[in-house]
Amino acid sequence: MDVHGSVAEGFEPVGEAFAENFASRGERGAAVAVYRHGRKVAGLWAGARDADGEPGSAPWERGTAQIVRSATKGVAAAVILLLHQRGELDLDAPVGTYWPEYKAAGKEHTLVRHLLAHRAGVPVLDRPLTPEQAADPVLGAEVVAAQAPAWEPGTDHGYHAQTYSWLTGELVRRVTGRPIGEWIAREIAGPVGADLWVGLPASETGRVGRVGHVDAPSPAGGLKTLRTRPKRAVAEAYADPDSLTRRAFGAITPLPDENDPAYRAAVLPASNGIATADGLARFYASLIGEVDGGTRLFTPATAELARAEHSAGPDRVLVVGTRFGLGYMLHGAASPLLAPGSFGHPGRGGSLGFADPESGIAFGYVTNGFRSGVTADPRAQALVRAVASAISTKPAASTGP
C-alpha cells in the first residue's frame, strides 16, 4: 500500500503504524493527522476513497473527507462551551430557561451541563424517528422535548447516542437564532481553517467517500491488538430490543443510509459530521492553543471545563464504565486516549479526535471502513500508541512535516 503525505522527524512511528493498519488490520482507506503545539507533525493518507471500491478505483486523496459518526459530538459540544465562554449561555441554568417546551414530563430541573455530560436521562425515544423525520430539526426537537426521562436528570449517566443531535441543536438555535450547522461553519470551521461540516454543502459532495462495514481480520501472530470480543453483558444489551442500549442507538429507525446525499446534508450533530483527518485534528488543536500561530477557540479555563470529569462509572447505555467531561469522552479503559488529561470523542466503528493539553498533541483519524465496536478501535489505538512513542523521546518544540 502506497502511503502519501509526510511526518516530522521523530514522528516516524506514526507512519509505521499507519502502514501496518493496511498491512495487518484490514484498513481500506484512511487518513491521520497530528498537531503538536499548533504545528502539523504528521499528515498521512492511503487506500481507496470508497470502502466498497474495487482495486484500481478512486484513490484517497489529500482532501478526502468521510462521515465521522459520533466524533461529531465533540464539535457540537464546542459550540455550547463557546457560547458559555462568550457569556451567552449559563451551564448551570435549566435547559427550560432557553427552551421552555423542554420542561415537560419531569425535565424542568435538567441543567445545560447535564445535556453535555450525558446525564439528561433522555437517550431513548418512545417513538423512534425515521431517517427522514430525524432530518427535520423542528420535529426532532418537539419529540425529545416531550420525552419522559429514563432516570431523574442529573443523577446518573448514559450515552445519548442519537438524541444528542436534537438536544444540542435546539439549544443552540434557541440561544443564537441560528442552526448549529451554520454556527459551526461560521464560528469554528471557518476561523480555524478546518475541513469539517455538520450538514454537508452540495459544493463539497465530490470530496466525500463512501463508507461501509468491514470485518476485523484474524489477529496475526504476535501483532499487538486490543481485545474486540464484547463482554457478555454488553452483547446481551445490544441483543435485547427493550434495553436502553438498543433503544438509544435505535432512536433513528431504520438505520440511515450514511452514503445517501440527503442524510449527509442533514444537520445531526450527534452522528453525521463529515471531516478530513486534518480538519478534525486542527479543530482539537484550536481547543488547546493557537493553530499555526493564529486561531485559538477555547480559553484555558474553557478547556479545563471541557475535560473536568462530570460522569464516571457504569454507563446505562454503553453498559461498560465510561468517563465524560462536558461533551467529551475522557481517557479511560472504555475509550483510551493519549494520557489521563486527554479529552475528545470517537466515532462508532473507527474515527477518533482528541486533544491532550499537557503534551500539546491534537489528533484526527478518519476511515471509510467501520467496525462493530463503539470505542477503542484497534486501528486508531495503534496510531495513538505510535504518537505516545514519538513524544516520549521528542522535544517539546518541533517543526512541521
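Above: the structure in question.
Since the model is a prediction, treat every value here as computed from it, not as a measurement.

Visitor: Explain the packing of helix α2 (residues 72-85) against helix α6 (residues 164-176) to me, please; I cannot follow it from the model alone.
Guide: Between α2 and α6, whose axes approach to 10 Å, the crossing angle comes to 30°. Viewed along their axes, α2 and α6 adopt a mutual orientation that is roughly parallel. The two elements α2 and α6 cross, and the hand of that crossing is left-handed. Contact residues: Lys73, Ala76, Ala77, Val79, Ile80 and Leu83 in α2; Tyr164, Thr168, Leu171, Val172, Val175 and Thr176 in α6.

Visitor: I would appreciate a short explanation of empty space enclosed by the protein in the present structure.
Guide: A probe as big as a water molecule, rolled over the atoms, marks out the empty space that is left. Per the counting criterion, the structure on display carries 2 cavities of 30 Å³ or more. Within this model, the largest cavity holds a volume of roughly 70 Å³. Together, 13 residues line the largest cavity, and Pro346, Ser351, Thr375, Ala376 and Asp377 are the ones closest to its centre. A per-class count over the lining of the largest cavity returns 6 nonpolar, 6 polar and 1 charged. Around the second largest cavity sit Val68, Thr72, Val75, Leu196, Trp197, Val198, Gly273, Ile274, Ala275 and Leu280, which together line it. Within the residue set of the lining of the second largest cavity, elements represented by two or more residues are α2, β5 (196-197) and β7 (274-275). Grouping the constituent residues of the lining of the second largest cavity by class yields 8 nonpolar, 2 polar and no charged.

Visitor: In this structure, what is going on with the pattern of salt bridges? I would like to understand it.
Guide: Oppositely charged side chains can pair when the atoms bearing their charge come close. The tally for this structure, following the rule as stated, stands at 21 salt bridges. For the salt bridge of Asp156 with Arg316, the shortest nitrogen-to-oxygen distance reads 2.8 Å. One end of the pair, Asp156, is in the loop between α5 (137-146) and α6; the other, Arg316, is in the loop between β8 (311-314) and β9 (321-324), with 160 residues separating them in the sequence. Judged by its relative accessible area of 37%, Arg316 falls in the partly exposed class. Across the pair Arg282 and Asp292 runs a salt bridge whose closest N-O atoms are separated by 2.8 Å.

Visitor: What should I look at first to understand the nonpolar core in this one?
Guide: Nonpolar side chains tend toward joint burial in soluble globular proteins. Judged by nonpolar contacts, the single largest core of 86 residues is most densely connected at Tyr102, Ile188, Phe283, Leu287, Phe298 and Tyr328. When residues of this core are assigned to their parent elements, the largest contribution, 9 residues, is made by α2. If near-sequence neighbours (up to four positions away) are discounted, Ile188 is found in contact with Val75, Ala78, Val79, Leu82, Trp183, Phe283 and Leu297. With 27 residues, the next largest nonpolar core counts Phe18, Phe354, Phe363 and Ala386 among its residues.

The rules behind the values
Residues numbered from 1 in each chain as written. Predicted model: local features only at pLDDT ≥ 70, side-chain atom pairs only at ≥ 80, totals over all residues. Heavy atoms only, no water. Axes fitted to C-alpha atoms, helices over the stretch in contact; angles between N-to-C directions. Helix = DSSP H or I, 4+ residues; strand = E, 2+ residues; numbered from the N terminus. Parallel < 35°, antiparallel > 145°, perpendicular 65-115°, else oblique. Left-handed = near helix turned anticlockwise from the far one by under 90°. Contact = heavy atoms within 4.5 Å. 1 Å grid on protein atoms, 1.4 Å probe; cavity = no way out; pocket = protein on both sides within 12 Å on 5 of 7 lines; lining within 4 Å. Points joined across faces, edges and corners; volume = space filled by probe spheres on them. Nonpolar A, V, L, I, M, F, W, Y, C, P; charged D, E, K, R; others polar. Salt bridge = Lys/Arg side-chain N within 4 Å of Asp/Glu carboxyl O. Buried < 20%, exposed > 50% of the residue type's maximum accessible area, 1.4 Å probe, protein only. Core = buried A, V, L, I, M, F, W, Y, C linked by side-chain atoms within 4.5 Å.

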